[in-house]
Protein chains: 2
Amino acid sequence: MSKKTEQQGLFAAGGDAKHNGSEAKLAKEPKGPKVKSDTGGVTAEAMGQRQREISVSEFFTKNRHLLGFDSPRKALLTAVKEAVDNSLDACEEGRILPDLKVSIKRLDGQDDKFTMTVEDNGPGIVKAQVPNVFGRLLYGSKFHRLRQSRGQQGIGISAAGMYGLLTTGNPVRVRSKPGKRSVPLYFEIRIDSSKNRPIWTDKEIDWEKDHGTEVAIDLEGEYRRGQKSVEEFLKLMAVANPHVQLHYTDPDGNVTEYQRATSELPKEVEEIKPHPHGVELGILIKMLQDTECKTIGESLQDDFSRVGPSVAKEICGLAGIKPDTNPRRLATEHVVKLKKAIDATKIMAPPLSCIAPIGEDLIITGLKKEVEADFYLATSRKPVVYRGRPFAIECGIAYGKPGDTLEMTAEGKIVEVAVKKPNEEALMGAADEPIRLIRFANRVPLIFQQAACAITKAVIGTNWKNYGLQQPRGALPIGPMVVFVHIASVWVPFTSESKEAIAGYDEILDELRLGLMECGRKLGTHVRKGKKLANEFKKRNYIETYIPHVVVALKDILKFDDKTAQSALANLTTVLEKSRKL
Amino acid sequence: MSKKTEQQGLFAAGGDAKHNGSEAKLAKEPKGPKVKSDTGGVTAEAMGQRQREISVSEFFTKNRHLLGFDSPRKALLTAVKEAVDNSLDACEEGRILPDLKVSIKRLDGQDDKFTMTVEDNGPGIVKAQVPNVFGRLLYGSKFHRLRQSRGQQGIGISAAGMYGLLTTGNPVRVRSKPGKRSVPLYFEIRIDSSKNRPIWTDKEIDWEKDHGTEVAIDLEGEYRRGQKSVEEFLKLMAVANPHVQLHYTDPDGNVTEYQRATSELPKEVEEIKPHPHGVELGILIKMLQDTECKTIGESLQDDFSRVGPSVAKEICGLAGIKPDTNPRRLATEHVVKLKKAIDATKIMAPPLSCIAPIGEDLIITGLKKEVEADFYLATSRKPVVYRGRPFAIECGIAYGKPGDTLEMTAEGKIVEVAVKKPNEEALMGAADEPIRLIRFANRVPLIFQQAACAITKAVIGTNWKNYGLQQPRGALPIGPMVVFVHIASVWVPFTSESKEAIAGYDEILDELRLGLMECGRKLGTHVRKGKKLANEFKKRNYIETYIPHVVVALKDILKFDDKTAQSALANLTTVLEKSRKL
């Protein structure tokens, strides 16, 4: 039996030579001479010649609907979203209050090509990393760290640049200044999709800024306002991120300013080590191979969170492994035993410092900022742990207004106010329409694939009739209401790379349901009060409508003069109002 | 401005050094000294230190639900599916009638760990490629070729191996013999997920076989029969692949033999060049950069399908580019013009030799093999082209039986037959249940995510009431029926890497609808005939039920003797039957 290292095997077998040299030829000679087998088919040798690596960029170019670039309209929004997410992550990690400028301009006056620009005041990116960050898929700092962030895959912004290149042929342009004393640089970056590597030029420029990054991408797109638009995305971003100041210019030159409502940055999140209960056998094997610790006992304490000397001893004891065993010498069957021992041991939940929920007050601040309503409430649930990974569910509700027509004045009078039709941009619909659900993961609005999302399933699965709302079977409830749901986690399980919907894991669904029920109960009290108000108004209306007619009749029958009639009217009204115990 | 090549940039910037050396340290020192900025946050330099490549295997380990490994039950099926798909592709490319052995065994008697083995009689895999094929994601021969095949991504079987390693710690075992005169080899392969490269051992073995491959994977799984089981997948595979012989052993040792129903291999598919109308700007730029042709005119004719000298001239003329221009010297703005000229030029549709639909006869053969019904029909639509890529839609229907209770005998008598309850494994449900929809893409059954699939949308969107079936609003029709739908294409747009559902592109939905309507019309005739039969039976039943009573009454009133009564009964029955014009 010959044992090979990875390198030997690969190069000896000529695997990579193929990748570098002959692939272009192969693709170009589909009708070249085939090595035919006895059965007239292709031989293993001929098939082997065709085997080669597929770069991750080639894969996603062909499958770009997986990344959210399936239609020009969605592509424009996805590009803006990826750039904004990166800017906010960078600002927060640098502990800088984010100040963003977003603009969309028509490219050379064309209606189907746009330039999207996002500029931030973040810490900037060092020269050596700019090309990789913008010109290479699956490259970044967030994937391997257990802490909450918007980005998690290292795909998004490079994918946007790749789509731009594909549809306009133009490179991504980046300006970056990583600190006051740094020289600002300008980059033009193209991704080489067959190698998943950047090709770029850079030069020094002048840039009046202390620090920050600006990215500009030309891309095929479709610009439309209304639902699922860039405007909607920014508005929702502002709801979940009240600490952000953002200046937006649309293709027609209209400017919208999203004002900061708090100068409090989200809590700084800390990276945690993997929790033993969330580690699978294969990962455990790998961690023990890679550890720098000399003994199993040390490794358990150093490489994992929440394992102290006594817990480490307990685990080793259960597994029947001496704590001073060299972890690299452990056979698979012993790691299997170790894994079983870990699962059987009680270990404290992981630290929650790795996530930063928004909090009830700021959810309400955010909702008030962007949704006109007459009642706001929020619930921020305590973080829980799912497979060793902490996550927290937060819900908020904005209720009433555009469809509501009654108000009680300061003097306790109920008056009818003009019905306002919700405008195109308003988040809340009319009173007889389904409620508006707004979904967020790690403070990023989720715009597409609402039906496929665990959040939607949880909202539909909640019985809103209990809280005074109508709800058709298997559908969202009806009413003038915006429901806000946020999941904050070190790892959000999305249903696809485009991060549009959350996968329906049971643990997440359970927490979602609890959060929604908590909000629902608070809402119920308010809705019932509103209904009482409406009934009141209806009854009082009856009195005001009919009593004058009764008095006219009395006047006729009893020959009242005008003055007596007036006082009879007043008396009757008072008596009736009183009898209703107002 | 400094121009850099990809390599210089990467290594000069120290990008890869990070990847190789310091990443382990970084992950292990989350609380190490941070370089703090003035604002107390992390500096660009500190962030840059953390940037690194994410290997595609790491990405999919963390996101394995994207590949179909989200639950133990699904994982078992997905692993079998990927191995069977690969075996069938290899056999067909080698022009060998597939003869497969599939087995699932409990691993060391455990109820949650299994060994899945798939053995084929295909052309085998050459020594140098085995480790890459089974131990590296995004590696294969099918991604870059425009021709129909089951696999298309080079992910599946390596992902199954990776999941096996993750959950059991055991390597993938492969036996391969690429031809009669080759020495059979045995491999044990582990994927190194941080590098997406295989680590393996190999040795020579004895194997009584002319040629073939066998793969065995240990993995965490859940074995259950019934819906969405391995058995169901194999049954459906047999429907769409009547040329396959397959021997299956389940964990309890039960053997099922799926018999070959035709010895005709699917048509050999040919690789085609990209069609100009399906090529996007970015791809066009890249093709012109990479071409071996010396002029634009040549490149258009050599690198694309369906472009001859006159079409090439027309395109160049429209674009205002001389046909003898060096393609590598073309500026982006000129390629933009070329692209516009291509789109404005009429070009013959691409050759259809790249796809191999099943055909109406074999669809019916396949359905008859696995579905008991009394009426079969099929429609194989002519291939059409979507973005330069040919695809064909095929539909089939198996109607009636388990719920049907009436039959007409050879003498024209209608008799009631015993109602058969469909068994657990039967594809067809009862008469009062929704029809059973079976979906296929390039002859592979699609088991999961039915609701998210374009095929389902098209079936629900068809008005089955027109064809005599009940259909609740927005749902599948009701009836004893199996609907078979197949899409054959050089590139099937799946909604995720796990290839479970087809994305709803308009062109595909349109063709699906047309195919289903064609089937529906043929079905309608049959269903109406069946209804007539049922009515007939009901009426005849009335005569048989009531006439004897009438005769008894007549006998009383008219004092008939028994004989007269008998003849009266016969006469009356005959007259009534005649009056119904039977």
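The structure we're discussing is the one just above.
Residues numbered from 1 in each chain as written. Chains lettered and ligands numbered in written order. Predicted model: local features only at pLDDT ≥ 70, side-chain atom pairs only at ≥ 80, totals over all residues. Heavy atoms only, no water.

S.K.: Talk me through the relation of the copies chain A and chain B; I want residue IDs and the actual numbers.
M.R.: Think of it as a corkscrew move, a rotation about one axis and a shift along it, taking one chain copy to the other. Expressed as a screw operation, the relation of chain A to chain B combines 0.0 Å of axial shift with a rotation of 180 degrees, fitting to an RMSD of 0.1 Å. Taken together, the rotation and translation describe the operation of a two-fold axis. Closest approach to the rotation axis among the C-alpha atoms of chain A is made by Ser496 of chain A, whose C-alpha sits 3.4 Å away. (Least-squares fit on C-alpha atoms with pLDDT ≥ 70 in both.)

S.K.: Describe unusual backbone geometry, and please don't skip the residues or the numbers.
M.R.: If a residue is not glycine, its phi is most likely negative; likewise, a peptide bond is most likely trans. Residues and elements named next belong to chain A. With phi around 50 degrees, Asp108 is a residue other than glycine that occupies positive phi space. Relative to the helices and strands, Asp108 resides in the loop between β3 (99–106) and β4 (113–119). Phi at Lys228 is positive, roughly 60 degrees, even though this residue is not glycine. Checked against the element boundaries, Lys228 lands in the loop between β9 (212–220) and α8 (230–240). Among the residues examined, Lys228 registers a relative accessible area of 37% and is labelled partly exposed. (Helix = DSSP H or I, 4+ residues; strand = E, 2+ residues; numbered from the N terminus. Buried < 20%, exposed > 50% of the residue type's maximum accessible area, 1.4 Å probe, protein only.)

S.K.: Outline the interface of chain A and chain B, supporting the account with residue identities and numerical values.
M.R.: On the chain B side, the residues contacting the 110 residues of chain A number 110 residues. Around 9400 Å² of area is buried between chain A and chain B when both sides are counted, 55% of it from carbon and sulfur atoms. Inspection of the region where chain A meets chain B yields six salt bridges. Taking the shortest distance from any N to any O, the salt bridge between Arg50 of chain B and Glu93 of chain A comes out at 3.6 Å. The tally of links from chain A across to chain B stands at 24 residue pairs in polar contact (both at pLDDT 80 or more). Of the residues in the side of chain A that touches chain B, the class split is 36 nonpolar, 34 polar and 40 charged. Summarising the sheet, strand β2 (residues 52–53) of chain A and strand β5 (residues 139–140) of chain B pair through two bridges and their orientation is antiparallel. Its bridge partner lying in β5 of chain B, Arg52 of chain A is registered against Gly140 of chain B. (Contact = heavy atoms within 4.5 Å. Buried area = accessible area lost by both parts, 1.4 Å probe. Salt bridge = Lys/Arg side-chain N within 4 Å of Asp/Glu carboxyl O. Polar contact = N/O pair within 3.5 Å; in protein donor to acceptor, adjacent residues only side chain to side chain. Nonpolar A, V, L, I, M, F, W, Y, C, P; charged D, E, K, R; others polar. Pairing = 2+ DSSP bridges.)

S.K.: How would you explain helix α11 (residues 309–319) of chain B if you had to name every residue and give the values?
M.R.: Residues and elements named next belong to chain B. Among all positions in α11, only Val311, Ala312, Ile315, Cys316 and Ala319 are buried. Buried positions in α11, seen along its axis, are confined to an arc of 135 degrees and lie on one side of it. More than 90 degrees from the buried face of α11, the exposed residues found are Pro309, Ser310, Lys313 and Gly317. Where α11 terminates, the next one or two residues include Gly320, which has phi positive at roughly 70 degrees. (Arc of directions from axis to C-beta.)

S.K.: Let's hear about the pattern of salt bridges: which residues, and what values?
M.R.: Once the charged atoms of two side chains with opposite charge are near each other, the side chains can pair. Counted under the stated rule, the structure contains 58 salt bridges over all chains. The partner of Glu222 of chain A in a salt bridge is Arg224 of chain A, and the shortest N-O contact between them spans 3.0 Å. Taking relative accessible area as the criterion, Glu222 of chain A reaches 33% and is therefore assigned partly exposed. Ionic contacts of the salt-bridge type, sharing partners, join the residues Arg50 of chain A together with Glu93, Arg145 and Glu271 of chain B into one network.

S.K.: An account of the pairing of strand β19 (residues 481–489) of chain B is requested, with residue identities and associated values reported.
M.R.: Residues and elements named next belong to chain B. Most of β19 is tucked away, with nine of its nine residues classed as buried. Covered by surrounding structure in β19 are Met481, Val483, Val485, Ile487 and Ser489 together with Val482, Phe484, His486 and Ala488, the residues of both alternating faces. Both strand β14 (residues 389–399) and β19 contribute to a ladder of nine bridges, which runs antiparallel. Counterpart to Cys395 in the pairing with β19 is Val485.

S.K.: Give me the lowdown on the packing of aromatic side chains, citing residues and values where you can.
M.R.: Where two aromatic rings form a pair, the distance of their centres and the angle of their planes describe that pair. Within the structure shown, the criterion is met by 14 aromatic pairs over all chains. Consider the rings of Trp464 of chain A and Tyr467 of chain A, whose centres lie 5.9 Å apart with planes at 80 degrees: the pair is edge-to-face. Tyr467 of chain A shares its class with Trp464 of chain A; the two are buried. With a centroid separation of 5.3 Å and an interplanar angle of 45 degrees, the aromatic rings of Tyr386 of chain B and Tyr505 of chain B are classed as tilted. A residue pair is termed long-range when its members are at least 10 positions apart, and Tyr386 of chain B in strand β13 (residues 384–386) and Tyr505 of chain B in the loop between β19 and α15 (506–558) qualify at 119 residues. Of the two residues, Tyr386 of chain B and Tyr505 of chain B, neither departs from the other in class, the shared state being buried. (Phe/Tyr/Trp six-rings, centres within 6.5 Å; stacked < 30°, edge-to-face > 60°.)

S.K.: How would you sum up the pairing of strand β6 (residues 172–177) of chain B? Please name residues and give values.
M.R.: Residue and element names in this part refer to chain B. Burial of β6 is extensive: five of the six residues sit out of reach of the surface. Note: β6 against strand β7 (residues 185–192), five bridges, orientation antiparallel. Looking across to β7, one finds that Val172 is bridged to Ile189. In the sheet, β6 pairs with strand β9 (residues 212–220) via five bridges, with the strands oriented antiparallel. Each bridged residue has a counterpart across the sheet, and for Arg173 the counterpart in β9 is Ala216.

These figures come from the coordinates and say nothing about function on their own.
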